[in-house]
Amino acid sequence: MDAATIAGLLADPTRLKVVAALALGAGTTEEVAAASGLPLKDVALAARRLARAGLVHRDGHTLLLHADRFGVAARAAAEAAPPPEPLSDDPAEDAVLSAFVRDGRLVSIPAQHSKRLLVLHHLVRVFEPGVRYPEREVNALLAVWHPDVAALRRYLVDEGLLTREAGVYWRIGGPVDL
């Protein structure tokens, strides 16, 4: 069973409630109905569909969720997923950036100076050279990356990538995409 099939099965609110009740310990159609607040008829129909798909084992009124199939499907989907696009052409830089940037967000600010500098050089690319940004706009651009915008702003200024004057920031360093 693949992840898409499981997602399709659980897209139905009734089947989702049945699976939730089974996951929480219900073991019969009556227990599922009581735990989910669904009518017995709806539980029976959903259980039959889930059993046909192989997610639930039915034996009369007894139901058993094959919870292990969620993990198997998730692992198979992860293995089949294409590798993420490299964040840098340099493999060493890409390894550092991949450790801190996931899905376009900075998961943490590196404590080690060399790694933090590499991440800041990557991040400063959201600022166009020659454009002046009010602090509110700088905060909005940085908030897309990480919630601690004050720390990111301070690091960017301290490392000479941005400069500020009277609440206005502009880019003065870092790589430029051509």
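Our structure is the block above this text.
Residues numbered from 1 in each chain as written. Predicted model: local features only at pLDDT ≥ 70, side-chain atom pairs only at ≥ 80, totals over all residues. Heavy atoms only, no water.

A. Structural detail: the packing of aromatic side chains. For the structure on display, the rule yields one aromatic pair. Ring plane angle 85° and centroid distance 5.2 Å describe the contact between Phe127 and Tyr133, whose orientation is recorded as edge-to-face. For Tyr133, a relative accessible area of 4% translates into the label buried. Across from the ring centre of Trp170, 3.9 Å away, lies the NZ or CZ of Arg132, which sits over that ring. A cation over an aromatic ring shows up here: Arg154 above the ring of Tyr155, its NZ or CZ 5.5 Å from the ring centre. (Phe/Tyr/Trp six-rings, centres within 6.5 Å; stacked < 30°, edge-to-face > 60°. Buried < 20%, exposed > 50% of the residue type's maximum accessible area, 1.4 Å probe, protein only. Lys NZ or Arg CZ within 6 Å of the ring centre and 35° of its normal.)

B. Up close: the pattern of salt bridges. Tallied over the full model, the rule gives one salt bridge. Here Glu135 and Arg153 are joined by a salt bridge, their closest N and O atoms 3.7 Å apart. Here Glu135 is found in helix α8 (residues 135-143), whereas its partner Arg153 is found in helix α9 (residues 149-158), with 18 residues between them in sequence. (Salt bridge = Lys/Arg side-chain N within 4 Å of Asp/Glu carboxyl O. Helix = DSSP H or I, 4+ residues; strand = E, 2+ residues; numbered from the N terminus.)

C. Spatial organisation of the layout of surface pockets. Its boundaries defined by the atoms lining it, the largest pocket holds a volume of some 220 Å³. Lining the largest pocket are Pro84, Glu85, Pro86, Leu87, Asp94, Ser98, Val101, Arg102, Asp103 and Gly104. Listing elements by their share of the lining of the largest pocket, those giving two or more residues are α6 (91-100) and β3 (101-102). Here the residues of the lining of the largest pocket sort into four nonpolar, two polar and four charged. (1 Å grid on protein atoms, 1.4 Å probe; cavity = no way out; pocket = protein on both sides within 12 Å on 5 of 7 lines; lining within 4 Å. Points joined across faces, edges and corners; volume = space filled by probe spheres on them. Nonpolar A, V, L, I, M, F, W, Y, C, P; charged D, E, K, R; others polar.)

D. Summary view of a positive patch on the surface. A cluster of like positive charges, contributed by Arg48, Arg49, Arg52 and Arg58, occupies part of the molecular surface. Of all the elements, helix α4 (residues 40-53) adds the most residues to the positive patch, at three residues. Along the chain, Arg49 falls in helix α4. (Patch = residues over 30% accessible without salt bridge, like charges linked within 9 Å, V, L, I, M, F, W, Y side chains within 5 Å. Areas by Shrake-Rupley, 256 points an atom, 1.4 Å probe, with all protein chains shown as cover. Lys, Arg positive; Asp, Glu negative; His and termini not counted. Charge placed at Lys NZ, Arg CZ, Asp CG, Glu CD.)

E. Region of the structure containing the pairing of strand β2 (residues 62-65). Only one face of β2 is buried, namely the one carrying Leu63 and Leu65, since none of Thr62 and Leu64 on the opposite face is buried. Here four bridges tie strand β1 (residues 56-59) to β2, and the two strands are oriented antiparallel to one another. In the strand pairing of β2, His57 is matched with Leu64. Here β1 folds back onto β2, and the loop between the two strands holds two residues, one of which, Gly60, carries a positive phi near 70°. (Pairing = 2+ DSSP bridges.)

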